[in-house]
Amino acid sequence: MIAVHLPDGSIREVPTGTTPLDIANSISPRLAAASVVARVTRILPEAELVLKKLESDGKPADDDEPSEASMYAAEDAAAPRLVDLSAPLSSDTRLELVKENDPDALKVLRHSSAHVMATAVLELFPETKLGHGPATDSGFFYDFYREKPFTPDDLAAIEAKMAEVVARNEPFVREYEPREQALEEFARDGDFMKTHFVTRFTAPGDQVSFYRNGNFVDFCRGPHVPSTGRVKAFKVTSLAGAYWLGDEKNPQLQRVYGTAFFSKKELDEHFARLEEAARRDHRVLGKQLDLFSIQELAGAGLIFWHPKGAIIRKVMEDWMRDECLRRGYQLVYTPHVARINLWQTSGHEGFYAANMFTPMELDDALYRLKPMNCPFHILIYKNSPKSYRDLPARYAELGNVYRYERSGTMHGLLRVRGFTQDDAHIFCMPSQIESEVAACIDFAEAVLKTFGFSEFKVELSTWDPSDRAHYAGSNENWDLAIRSLDNVLKAKGIPYKTIPGEAAFYGPKIDVKLVDVLGRLWQLSTVQFDFNLPARFELEYVGEDGERHQPVMVHRALFGSVERFFGVLIEHYAVAFPLWLAPVQIGLVPISERHTAYAAKLEAELKAAGFRVETDARNEKMNAKIRDFANQKTPYILVFGDKEESSGSVSVRTRGKGDQGSTPLAAFIAKCKELVANQSTEL
């Protein structure tokens, strides 16, 4: 007999081999029908718990991103994990039945949908070889190798065949096979990708996990929904190319994307959000409002800021610089290139070279464009002696950096080769590190709030101790760094997710991801701990004890990059920017030519008050002028004729609200000044 601990605190004594579905049915058949998978945690004996703690101290938690490792590698038996409802329980366990409203349930549904897709593809195109098919944040995909490209008609046929597989309501059944037998069968059938996965993620003598539905069998550790019939609301969405293992020298795969939800309503809402996202595409809106461009003659990933976009950038940067000064930062400026020796000292030449532009040979040395500002700020710190009284030293720069991105990966303003980082580096004593990180988090929250984002999510990226080739520094330093960031987040009561293996080579980091008006996550702000570069550059300060000590360092970028942040702002506001950010804040529409003198007087007064103003003095109808300003998302349109001129007033049209009637110019200016001073996002 084993003890199964339920969420309500009750404990059930059941025979070994009892399944979560058995327990669900014993509670309520309705609960059993509503359950998708089970979340179980093995209850370890005391001696095993102690041993487990000793083994895991200092190690990051498991990654649950849709990577090969997360799909196929063995799980930690002592950690909470998802299992099939039909999985037999073999020891004392904490059990939670996972229903459709749990986010983990949607991931399971989508992974099961990928299996349904693979079933359909093999039934239609049996010569196809299978890669892998993970769930993603927006749906799922499956990688296929097939010499003949899929066509749009093929995708429609795949979706129709998937509906047949769903209608067959085939149970997902977990099976096991000796590793050597599995490898022999995959090699015989030419399944080179499955051979790779089994070889990489299992060991000699292992039993390999497979899932079967009908005649389809796939190497997989699961879990899955009970049967294909649970995959009811799905859609095949697109097709893309992907090189096997991400290497251009390997065969090119065909990646078929899809999405799935538990109901047709959720699926329809998803596509409504996608339509809205397309309507807000910053590349389209940026062109319509003439904000920026990417010039083919100049090269991909290089942004040209047009006058209206440039004025928004100036407002953003002015706010950031002023806020940095208010918070005790010192502004600096540094070069765009440096000798390769600098990057060798910093470690970028060894750890980051693949992301840097190739070296330039000049008469005295090899040079590289800078991918980051940090080594330059370090040289400023090192240029003069420092004592504990000088710390923390906070250097801030809106500096241009250049990173090599493959031509197929760039995307408007969101992924570019040249961009401006609102970079800062804080040099401090170890005793100051947590307070400085906390201040950076406060600053990040202020950025998001000021620019109109009320929700964000936080991730703590840690290292992979088993992958020493990609990380610098000792275990002790990494433990200290991770613990410091962890302490700050816990002290501030900020929920966060740990992402193992995603740290920078020089230290762990906190990523703050904003949530936009469509509920999408955007990676922007980051705060990073660095114990490595101070050591590499032999940085020092004289302590209160008169001895020389090594400072620690914090990297932080809050916009992330000006370009990316601006792209997110365009999509968040659909270019209906708040008054304080709008490139043209007020549009002036004289009713006829005889009112142009009054228009000039109004424009002069409004500009003197600090506003960005345009007058449409064309010989066009009034409604056409109003429509043009409205299409440009101008916050205020002021219309005036004889009546307004004689009374010194204006007729105000407010974006999204229409005609607000006549008001004295002085009252209008006072209202606008208040909105701008408060950086209001209401208009």
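Whatever comes next refers back to the structure up there.
Everything numeric in this text was worked out from a predicted model, so none of it was measured. (Residues numbered from 1 in each chain as written. Predicted model: local features only at pLDDT ≥ 70, side-chain atom pairs only at ≥ 80, totals over all residues. Heavy atoms only, no water.)

*Asks:* Quick question: what am I supposed to make of the side chain of His-572 here?
*Replies:* Counting through the fold element by element, His-572 comes out in helix 18 (residues 562–573). Here His-572 falls in the buried class, since its relative accessible area comes to 11%. With near-sequence residues (within four places) excluded, His-572 lies in contact with Arg-280, Gly-452, Phe-453, Asp-516 and Val-517. (Helix = DSSP H or I, 4+ residues; strand = E, 2+ residues; numbered from the N terminus. Buried < 20%, exposed > 50% of the residue type's maximum accessible area, 1.4 Å probe, protein only. Contact = heavy atoms within 4.5 Å.)

*Asks:* I would appreciate a short explanation of the pairing of strand 10 (residues 216–219) in the present structure.
*Replies:* For a regular strand, side chains alternate in direction, first toward one face of the sheet and then toward the other. As paired strands, strand 9 (residues 207–213) and strand 10 are joined by four bridges and run antiparallel to one another. Residue pairing for strand 10: Arg-212 is matched across the bridge by Val-217. Here strand 9 folds back onto strand 10 in antiparallel fashion, the turn holding two residues, of which Gly-214 has a positive phi close to 65 degrees. (Pairing = 2+ DSSP bridges.)

*Asks:* Please clarify how helix 5 (residues 103–124) should be interpreted in this entry.
*Replies:* For the α-helix, the turn length of 3.6 residues means that residues three or four positions removed from each other point alike. The end-to-end C-alpha distance of helix 5, which contains 22 residues, comes to 32 Å, matching closely the 32 Å that a straight helix rising 1.5 Å per residue would cover. N-capping of helix 5 is provided by Asp-102, with a side-chain oxygen placed 2.8 Å from the backbone N of Asp-104. (Expected span 1.5 Å × (residues − 1). Polar contact = N/O pair within 3.5 Å; in protein donor to acceptor, adjacent residues only side chain to side chain.)

*Asks:* Even after reading the chapter, I still don't get the pattern of salt bridges, so can you show me in this structure?
*Replies:* Opposite charge on two side chains permits them to pair, given that their charged atoms come into close proximity. Taken as a whole and assessed by the stated rule, the structure comprises 41 salt bridges. Measuring nitrogen to oxygen at the nearest pair gives 3.7 Å for the salt bridge that ties Glu-100 to Arg-230. In this pair, Glu-100 sits in the loop between strand 5 (93–99) and helix 5 while Arg-230 sits in the loop between strand 10 and strand 11 (233–243), placing the two residues 130 residues apart along the sequence. Residues Arg-618 and Asp-628 are paired through a salt bridge, measuring 2.7 Å at the closest nitrogen-oxygen approach. With Arg-618 in the loop between strand 29 (613–615) and helix 20 (622–631) and Asp-628 in helix 20, the pair connects residues that are 10 residues apart, well separated along the chain. (Salt bridge = Lys/Arg side-chain N within 4 Å of Asp/Glu carboxyl O.)

*Asks:* Before we go on, may I ask you to explain the pairing of strand 20 (residues 418–428) in this structure?
*Replies:* In terms of burial, strand 20 is a largely internal element, 11 of the 11 residues being buried. A two-sided burial pattern is seen for strand 20, the buried positions comprising Gly-418, Thr-420, Asp-422, Ala-424, Ile-426 and Cys-428 on one face and Phe-419, Gln-421, Asp-423, His-425 and Phe-427 on the other. Sheet topology places strand 19 (residues 393–402) next to strand 20; 10 bridges connect them, and they run antiparallel. Along strand 20, the bridge assignment pairs Tyr-402 with Gly-418.

*Asks:* I'm lost on the nonpolar core in this one. Help?
*Replies:* Side chains that are nonpolar tend, in soluble globular proteins, to be buried together. In this structure, Met-316, Phe-451, Ile-510, Phe-565 and Phe-577 are the most contacted members of the largest nonpolar core, which totals 71 residues. In terms of residue count, the dominant contributor to this core is helix 15 (residues 433–450) (nine residues). Excluding residues that lie within four positions of it along the chain, Phe-577 makes contacts with Leu-291, Ile-312, Phe-566, Leu-569, Ile-570, Ala-582, Pro-583, Pro-635, Arg-655 and Leu-683. Of all hydrophobic cores here, the second largest spans 35 residues; its members include Val-108, Ala-118, Cys-220 and Phe-234. (Core = buried A, V, L, I, M, F, W, Y, C linked by side-chain atoms within 4.5 Å.)

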